[in-house]
Every structure is written in C-alpha cells, then in structure tokens.
Amino acid sequence: MSRTVILDLDGPVLEGKLRHYRCYADILAEAGYAPMPREEYWALKRAGADRRRQLRRSGAEGLYGEFLQRWLDRIEARRYLAHDAVQPGARERLLAWKAEGVRLVLATQRRCRSALLQQLAERGLLPLFTDVLSTGSDSAGAGKAEMVAALLGEPGPGCLWIGDSEADVDAARRLRIPICAVTCGVRSEEYLRALRPDGLAPDLSAVNLPEWMPT
C-alpha cells in the first residue's frame, strides 16, 4: 500500500517562534509601543489569542490595521526567515520516511513561493518533499484542503496529515484524512486537544508511522 504524509511546515518541521516574535516586536517598537516579552507573546499565541488581544497588551489596539499590513509585508522577508530553525529530530524523521518510500507532501499557507523554496533549499529540506504546496492566502483549512485535493484527488486510506493548528485539523477533516497534531508549534497541547484530532504527539520525531499506516 502506498503511503502519503501531508505536513504543515511552520511548527512540525520548522521552529518559527523567534521569527514571529521579532517581526511582531519590530513593528510595535517602530510605532512607538513596547512589545510584551517573548514568553508572554507566545503564551497568548499558543492559547489561540487573536491579534487584537495581543496588541491590547501594549495599548496598541489602534495599530491593528497597520500592523496586519506590515506583518504580511515582512513575515516572509529573508531577514526574518533567517531566524527559523529545523525542529529537533524533524530532518531525521523525514529522511527515514523518504527512505521507506513514503510520499511527503508539504502543505503550507506561505505566500511567497520563491522565498519558501529558497528557505527549504538552504535548510537541506527541499529534496525530502515529493510535492511542495503553498496556498498564498489566508484561506486556512479550506484553502489547504483544496490544494491537497487538487494534487491527490480522493485521498486513500494510506494518508496521514501532520500539523500544529486548527487550520490543519480543519483541512484534514474536510478530506477525511486522519490528523496527528504536534504540540511543538503555534498551538498548545490544551488548545489542540480541544480540537479533538485523531492523535497528539510532542513533535515530528515522536510520530510512529506504522501506528497510523501499517505496512
């Protein structure tokens, strides 16, 4: 039986906490506001707090519209992407799956495809993926499901989705693919557990594929 693993990038494969925080903090500081400490920022983000609540902590609610535009303009810029690192054990796990003949499909909401491919190449990750899909929009789960369906058609029983957010859970459910949520990314274990995924794992290296797709 052929096996396919669909993976989100930011969280399961790449650690992007510093990139996100630096972009947030730079925008607030340039506008004259004091950003909250990184630990507090990530506690709110992992609990699913929206952007308005984050800005309210610094008295910057009025910056909302401008903040969103600056965020979109910057978050995939090279100087911020440089802060990303490969999650511990992720590369080894992907290499092992690829060696076993598993089809690895990357499905991300990244907007700038050229920057995405460059980053994957620089991190030595690009050759590991059979397919690299990027929505380039904020369509969240619906957009991710649509692009995966366009690639795979009707997914068979040998598929697994691995992600770290509500968008991944939603996308997998739309396609009736089992979803394993990893808790090392943008959402906390408590938040993800409330979404009732098919399984939880601390990180990619802890996902035991035979438990999901027996050979």
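So, here's what we can say about the structure. (Residues numbered from 1 in each chain as written. Predicted model: local features only at pLDDT ≥ 70, side-chain atom pairs only at ≥ 80, totals over all residues. Heavy atoms only, no water.)

## Remarks on the side chain of Lys45
For clarity, the threshold we go by: Put simply, DSSP H or I for four residues or longer makes a helix, DSSP E for two residues or longer makes a strand, and each gets a number counted from the N terminus. Per-residue accessibility, obtained with a 1.4 Å probe over protein chains only, is compared with the maximum for each type, and a residue is labelled buried under 20%, exposed over 50%, and partly exposed between these values. Counted charges follow a simple rule, with Lys and Arg positive, Asp and Glu negative, and His plus the chain ends left uncounted. Basic side-chain nitrogens of Lys or Arg form a salt bridge, by our definition, when they fall within 4 Å of a carboxyl oxygen of Asp or Glu.
Tracing the backbone shows Lys45 in helix H2 (residues 38-46). No salt bridge is formed by the buried Lys45, whose closest oppositely charged neighbour, Glu166, lies at an N-O distance of 8.8 Å.

## Structural notes on the packing of aromatic side chains
What describes a pair of aromatic rings is the distance from one ring centre to the other and the angle between the planes of the rings. What counts here: Note on aromatic contacts: the rings of Phe and Tyr and the six-membered ring of Trp form a pair at centre separations within 6.5 Å, being stacked when their planes are under 30 degrees apart, edge-to-face when over 60 apart, and tilted otherwise. The criterion for a charge sitting over a ring is simple: Lys NZ or Arg CZ within 6 Å of the ring centre, and within 35 degrees of the ring normal.
Throughout the structure, instances matching the rule amount to 6 aromatic pairs. Relative to Tyr24, the ring of Tyr21 lies with its centre 5.7 Å away and its plane at 50°, an arrangement referred to as tilted. Note that Tyr21 and Tyr24 are positioned in helix H1 (residues 17-30) at a spacing of 3 residues, about one turn of the helix. When sorted by exposure, Tyr21 lands in the same class as Tyr24, which is buried. Taken together, a centroid distance of 5.9 Å and an interplanar angle of 25° make the contact between Phe67 and Trp71 stacked. Taken as a pair, Phe67 and Trp71 lie in helix H4 (residues 64-74) at a separation of 4 residues, close to a single helical turn. Trp71 matches Phe67 in its accessibility class, with the two residues each being buried. Put simply, the rings of Tyr21, Tyr24, Tyr41, Trp42, Phe67 and Trp71 pair up and form one aromatic cluster. Between Arg51 and the ring centre of Trp71, over which it is positioned, the NZ or CZ distance is 4.3 Å. Across the ring face of Tyr191, the terminal group of Arg187 is positioned such that the distance to the ring centre comes to 5.2 Å.

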